[in-house]
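The chain contents come next:
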Amino acid sequence: MVTRFDLPAQFRWGVSTAAYQIEGAVAEDGRGPSVWDVFCERPGAVKGGESGRVACDHYHRYGEDVELMRELGVDGYRFSIAWPRIQPTGSGPANQPGLAFYDRLVDRLLAAGITPLPTLFHWDLPQALEETGGWLTRDTAHRFAEYTGLVADRLGDRVPAWITLNEPIVHLVFGYAFGIHAPGRTLMLDALPAAHHQLLAHGLAAAALRDRGHQVLIANNLTPVWAASDAPADVAAAEAYDALHNRLFTDPLLLGRYPDLSSYGLSEDLGGCVRPGDLELIAATPLDGLGVNYYNPTRIAAPTDPGLPFAEAEIEGVPRTHFGWPVVPEGLRELLVSLRERYGDALPPITITENGCSTAEGLDDQFRIGYLAGHLDAVAEAIAAGVDVRGYFTWSLMDNFEWAQGYGERFGLVEVDFETQRRTPRASYAWYREMIGARRSSRSRS
Ligand code: IFM
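This write-up is about the structure you can find in this document. (Residues numbered from 1 in each chain as written. Predicted model: local features only at pLDDT ≥ 70, side-chain atom pairs only at ≥ 80, totals over all residues. Heavy atoms only, no water.)

Some points on the nonpolar core
Across soluble globular proteins, you tend to see nonpolar side chains buried next to one another. Ranked by size, the top nonpolar core spans 142 residues in total, and within it Trp36, Tyr102, Phe144, Ile350 and Tyr432 carry the most contacts. Once residues within four sequence positions are removed from consideration, Ile350 is found in contact with Leu290, Val292, Leu336, Leu339, Val387, Asp388, Val389, Arg390 and Gly391. In terms of nonpolar packing, the next biggest core, distinct from the first, is built from six residues, Leu117, Ile163, Ala219 and Phe393 among them. (Core = buried A, V, L, I, M, F, W, Y, C linked by side-chain atoms within 4.5 Å. Buried < 20%, exposed > 50% of the residue type's maximum accessible area, 1.4 Å probe, protein only. Contact = heavy atoms within 4.5 Å.)

Printed below as a string of structure tokens:
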């Protein structure tokens, strides 16, 4: 039997966070408003009317947070850069105090022996760009490439690899189709240009990074899709869901084409927004790594309502997180193996860039330990089955602002008391440290 104790000695261990979820200090040092600052003001948009205004106050407490990571023993830290700190209105020269914050963070990480792995866009678009159309306009992709250049020029002497986008599918569906995340648009299938323009942004930014000698990754939210039954209508619905959720943001990068979205009534040019040369540009800079964010499989049945070609069905008989998400560690093995089968040699090395669970408040988190152990076993099994997985970054270092759910879902290895900002490591923090320590000693033996 293969388990997490069989993970290769050179396997990289990390933790993940994102700017708007932890930084706070939303009006400090020239930061401009983001779509999330504005969305959180909408009555009813976020549970309890909460926002990332203060969050974990990481902007001021980053030193303490890096120290927690140093003690944890991680190799890498995946964080995101807030575009509105660098370009408060989404274009023009860099806001130097904003860049200086990430300069300090990167230096502190390196001094602690931790490799920085920044994500350039984790959903906090400058509000000024939303007002000119956000990701529905092509120009936003060009603005993103300009912003990428500014950040890479400042941090690139110390940052070897970059993640361009975080979970573009979630941003598309929640932010532009259903309106449950910022910017709160409810365009349903008319949101599709926001998919293409995010991919275009990736392509342009990837070229800018590669020109500077950097490595490029993307972090996609991926899920194994299970048809609710063998009935042809359920199987067809599962294929339609897979095309949208998994393939839309991976096929163009690895295969240079969009998946078949005809079940959505969409043509190959996604309703006209794909211009000649775009797909070539999107795939032109080969990925150095695919970031996989995995939380659970998805069970899909034939549609019950007109509008979408699928309906989500319950996964029964498994534990659930506080969020209500099904816990299925073997789904991660299945996903990784299926990526290898689907993309073959076009698949770059994989890093798990997010995986974790939310629990209720409190420090007794045997549930999280079980979750992490099960998913790490699944990663080890996938590697044994021939998938090249290089590292695992758990979501998240600490409790933080969980978007539309506010502060009620606690994903942290470290508990945060949002009244006092006191950080208290949970049992899973000690467990993860021991896990890393055990693999590290095998690294020094090998
Ligand atoms: O908190 C989010 C993160 O921002 C993106 N991936 C999923 C996490 C849990 O919902």
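Brief notes about the pattern of salt bridges
In the structure shown here, the tally under the stated rule is 29 salt bridges. We note a salt bridge from Arg85 to Glu23, for which the minimum N-O separation is 2.7 Å. Of this pair, Arg85 sits in helix H4 (residues 83–86) while Glu23 sits in the loop between helix H1 (19–22) and helix H2 (35–40), and the two are 62 residues apart along the sequence. An identical accessibility class is assigned to Arg85 and Glu23; each is buried. One salt bridge connects Arg158 with Asp157, and the closest N-O pair in it is separated by 2.9 Å. The exposure class of Asp157 is exposed, given its relative accessible area of 63%. Connected via shared salt-bridge partners are Asp103, Asp107, Arg154, Asp157 and Arg158. (Salt bridge = Lys/Arg side-chain N within 4 Å of Asp/Glu carboxyl O. Helix = DSSP H or I, 4+ residues; strand = E, 2+ residues; numbered from the N terminus.)

Observations regarding the site of the ligand
By nearness alone, every residue bordering the ligand is listed as Gln21, His122, Trp123, Asn166, Glu167, Tyr295, Trp325, Glu354, Trp395, Glu402, Trp403 and Phe411. Note that an oxygen atom of the ligand is positioned 3.3 Å from one of the side-chain N or O atoms of Trp395. Side-chain polar atom of Trp403 to an oxygen atom of the ligand: 2.8 Å apart, as the coordinates give it. Summarising the interface, the protein chains cover 96% of the accessible area of the ligand, which totals 280 Å² for the free molecule. Assessed atom by atom at 2 Å from the grid points, the ligand resides in the largest pocket. (Near = heavy atom within 4 Å. Polar contact = N/O pair within 3.5 Å; in protein donor to acceptor, adjacent residues only side chain to side chain. Areas by Shrake-Rupley, 256 points an atom, 1.4 Å probe, with all protein chains shown as cover. 1 Å grid on protein atoms, 1.4 Å probe; cavity = no way out; pocket = protein on both sides within 12 Å on 5 of 7 lines; lining within 4 Å. Sits in = over half its atoms within 2 Å of the grid points.)

Focus on the environment of Ile218
In this fold, Ile218 is placed in strand S5 (residues 215–221). Spatially, the C-alpha atom of Ile218 lies 8.0 Å from that of His202, the residues being 16 residues apart in sequence. What Ile218 contacts, discounting residues up to four positions off in sequence, is Ile163, Thr164, Leu165, Pro168, His202, Leu253, Leu287, Gly289, Leu290 and Gly291.

Re the packing of aromatic side chains
One pass over the structure, following the stated rule, counts 30 aromatic pairs. Note on Trp36 and Trp403: the rings are 4.7 Å apart at their centroids and 45° apart in plane angle, and the pair reads as tilted. With Trp36 in helix H2 and Trp403 in the loop between strand S11 (389–395) and strand S12 (414–417), this pair connects stretches of sequence that are 367 residues apart. By the burial criterion, Trp36 is buried, and Trp403 matches it. Both rings, one in Tyr295 and one in Phe411, keep their centres 6.3 Å apart while their planes meet at 85°; by these two values the pair is edge-to-face. One end of the pair, Tyr295, is in the loop between strand S7 (289–293) and strand S8 (298–301); the other, Phe411, is in the loop between S11 and S12, with 116 residues separating them in the sequence. You'll find Tyr295 and Phe411 in the same group, each marked buried. (Phe/Tyr/Trp six-rings, centres within 6.5 Å; stacked < 30°, edge-to-face > 60°.)

Digging into the environment of Arg368
Take Arg368: it is sitting in helix H14 (residues 366–384). For Arg368, a relative accessible area of 1% gives the class buried. It is 8.9 Å that separates the C-alpha atoms of Arg368 and Thr321, two residues lying 47 residues apart in sequence. Within polar-contact distance, the side chain of Arg368 engages the backbone oxygen of Gly412 at 3.4 Å.

As for the side chain of Asn95
Topologically, Asn95 is positioned in the loop between H4 and helix H5 (96–111). If near-sequence neighbours (up to four positions away) are discounted, Asn95 is found in contact with Asp29, Gly30, Arg31, Arg85, Ile86 and Pro88.

Observations regarding helix H7 (residues 139–155)
Here H7 contains 17 residues, and its C-alpha end-to-end distance of 25 Å stays within 8% of the 24 Å for a straight helix at 1.5 Å per residue. All buried positions along H7 are accounted for by Thr140, Ala141, Arg143, Phe144, Ala145, Tyr147, Thr148, Gly149, Val151, Ala152 and Leu155. Contact partners of the buried residues in H7: H4, H5, strand S3 (115–121), helix H6 (127–130), strand S4 (161–166) and helix H9 (193–211). (Expected span 1.5 Å × (residues − 1).)

A word on the pairing of strand S2 (residues 76–80)
The element S2 is extensively covered by neighbouring structure, given that five of its five residues are classed as buried. Because side chains alternate across S2, one face comprises the buried residues Gly76, Arg78 and Ser80, and the other comprises Tyr77 and Phe79, equally buried. With three bridges joining them, strand S1 (residues 12–16) and S2 adopt parallel strand pairing. When the bridges of S2 are listed, Gly14 appears paired with Gly76. One ladder, built from five bridges, connects S2 with S3; its direction is parallel. Bridge pairing in S3 places Gly76 opposite Thr115. (Pairing = 2+ DSSP bridges.)

Here's the deal with the sheet that holds strand S9 (residues 311–313)
The strand order across the open sheet formed by three strands is S6-S8-S9, and the pairing between neighbours is mixed. Single-partner strands in this sheet number two, and they are strand S6 (225–227) and S9. Taking each pair of neighbouring strands and ignoring which way they run, the sheet shows an average axis angle of 45°. Sheet strands in contact with helix H10 (residues 232–247) are S6 and S8, and its direction is about 170° off that of S6. (Axes fitted to C-alpha atoms, helices over the stretch in contact; angles between N-to-C directions.)

Some remarks on unusual backbone geometry
Across the junction of Ala182 and Pro183, the peptide omega takes the value 5°, indicating a cis bond. Cis rather than trans, the peptide bond between Trp395 and Ser396 has omega equal to 15°. With a phi close to 50°, Ala25 is a non-glycine residue in the positive phi region. Structurally, Ala25 is set in the loop between H1 and H2. Of note in this structure, Trp403 is not a glycine but carries a positive phi near 50°. Judged by its relative accessible area of 4%, Trp403 falls in the buried class.

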